[in-house]
Amino acid sequence: MCDVMDQLEDVVTKSDLAEMMNSFVDSEDNGWLMFNTKYCTADLAYSEIYGQAKNTIFVIDNYIGLRTLVLLKNAPIGVAITLFSDNVGGRLHSIEYNDFCGEYPEISITLKRTGGIYHDRFIVLDYGTEDERIFLCGASSKDAGKRITSISLAEDSKIYHSMVDDLLMSPVLVLN
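Residues numbered from 1 in each chain as written. Predicted model: local features only at pLDDT ≥ 70, side-chain atom pairs only at ≥ 80, totals over all residues. Heavy atoms only, no water.

K.L.:
Hey, could you run me through the pattern of salt bridges in this one?
P.N.:
A complete count under the given rule lists 5 salt bridges for this structure. Note that arginine 67 is salt-bridged to aspartate 43, the shortest N-O span being 2.6 Å. Taken as a pair, arginine 67 in helix α4 (residues 66–72) and aspartate 43 in helix α3 (residues 42–51) lie far apart in primary sequence, 24 residues in all. The salt bridge partner of aspartate 143 is lysine 142, with a shortest N-O separation of 2.8 Å. When its relative accessible area of 15% is taken as the criterion, lysine 142 is described as buried. (Salt bridge = Lys/Arg side-chain N within 4 Å of Asp/Glu carboxyl O. Helix = DSSP H or I, 4+ residues; strand = E, 2+ residues; numbered from the N terminus. Buried < 20%, exposed > 50% of the residue type's maximum accessible area, 1.4 Å probe, protein only.)

K.L.:
Help me understand the packing of aromatic side chains, please; the structure alone is not making it clear to me.
P.N.:
Each pair of aromatic rings is reported with the distance of its centres and the angle of its planes. Inspection of every chain in the model, using the stated rule, returns 5 aromatic pairs. Aromatic side chains phenylalanine 58 and tyrosine 127 sit 6.0 Å apart centroid to centroid with 45° between the ring planes, which places their arrangement in the tilted category. Note that phenylalanine 58 is positioned in strand β3 (residues 56–60) and tyrosine 127 in the loop between β6 (121–125) and β7 (133–137), a separation of 69 residues in sequence. Residue phenylalanine 58 shares its accessibility class with tyrosine 127, and that shared class is buried. Each ring, one from phenylalanine 122 and one from tyrosine 160, has its centre 5.5 Å from the other, and the planes form 55°; the classification is tilted. Of this pair, phenylalanine 122 sits in strand β6 while tyrosine 160 sits in the loop between β8 (150–153) and α6 (161–168), and the two are 38 residues apart along the sequence. (Phe/Tyr/Trp six-rings, centres within 6.5 Å; stacked < 30°, edge-to-face > 60°.)

K.L.:
Please clarify how the side chain of asparagine 87 should be interpreted in this entry.
P.N.:
For asparagine 87, the location among the structural elements is in the loop between β4 (80–84) and α5 (94–103). For asparagine 87, a relative accessible area of 9% puts it in the buried group. Excluding anything up to four places from it in sequence, asparagine 87 contacts Asn62, Ile64, Leu92, Leu173 and Leu175. (Contact = heavy atoms within 4.5 Å.)

K.L.:
I'm lost on the environment of alanine 80 in this one. Help?
P.N.:
Considering the arrangement of structural elements, one finds alanine 80 in strand β4. For alanine 80, the contacting residues outside a window of four places in its chain are Asn55, Thr56, Ile57 and Ser108.

K.L.:
How should unusual backbone geometry be read in this particular structure?
P.N.:
What is expected of a backbone is that most residues other than glycine have negative phi and most peptide bonds are trans. The backbone phi angle of asparagine 87 is positive, close to 50°, even though this residue is not glycine. Backbone geometry places aspartate 126, a non-glycine residue, at a positive phi of 50°. Tracing the backbone through its elements, the reader meets aspartate 126 in the loop between β6 and β7.

K.L.:
What is the right way to look at α3 in this model?
P.N.:
For an α-helix, the turn length of 3.6 residues means that residues three or four places apart are oriented alike. Among the residues of α3, Ala42, Ala45, Tyr46, Ile49 and Tyr50 are the ones counted as buried. Take α3 and look down its axis: the buried residues cluster within an arc of 120°, on one side only. (Arc of directions from axis to C-beta.)

K.L.:
Sorry if this is basic, but what is going on with the nonpolar core here?
P.N.:
Generally speaking, a soluble globular protein has its nonpolar side chains buried in company with each other. One finds Tyr50, Ile57, Ile109, Ile123 and Ile151 to be the most contacted residues of the largest nonpolar core, which totals 33 residues. It is α3 that provides the largest number of residues to this core, a total of 5 residues. Setting aside its immediate chain neighbours within four residues, isoleucine 109 contacts Leu69, Leu72, Ile81, Leu83, Tyr97 and Phe100. (Core = buried A, V, L, I, M, F, W, Y, C linked by side-chain atoms within 4.5 Å.)

Put into structure tokens, the structure is as follows:
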């Protein structure tokens, strides 16, 4: 019994972890998240992820906003971007989308629906190629850096193929 109690002293609790994570940032700066086991600015993390794409970027995020689009401007020119969302809360409007497309005509973004069954967020790079990578995102990109969250690379992207294949068949998302 003593061995178990001794081992429990080394366990980190959720509150200990939260306190430790919060100590990394100044309370005045909300733009941080965990990416590849390192603390970095949200803008840098998304820029680094999107910059890796060679052919395609799929973003699966039901809570999109203008910030979602702004982060996508870091994608390499010529990469086809598909944003899968139901635009929950109607945060992204057609006028913002059209203004963004006008300001960045070299960036092509297709909008498709998710069908209301996704909560988690994903970024899929170069789907179906040898360069394919899938990232799991703890928060919506529209809220990037507002709260402590993380982005992790999926170890086995193939387990997500049926999900992505279904999404590719989704109808177009029409913004208000």
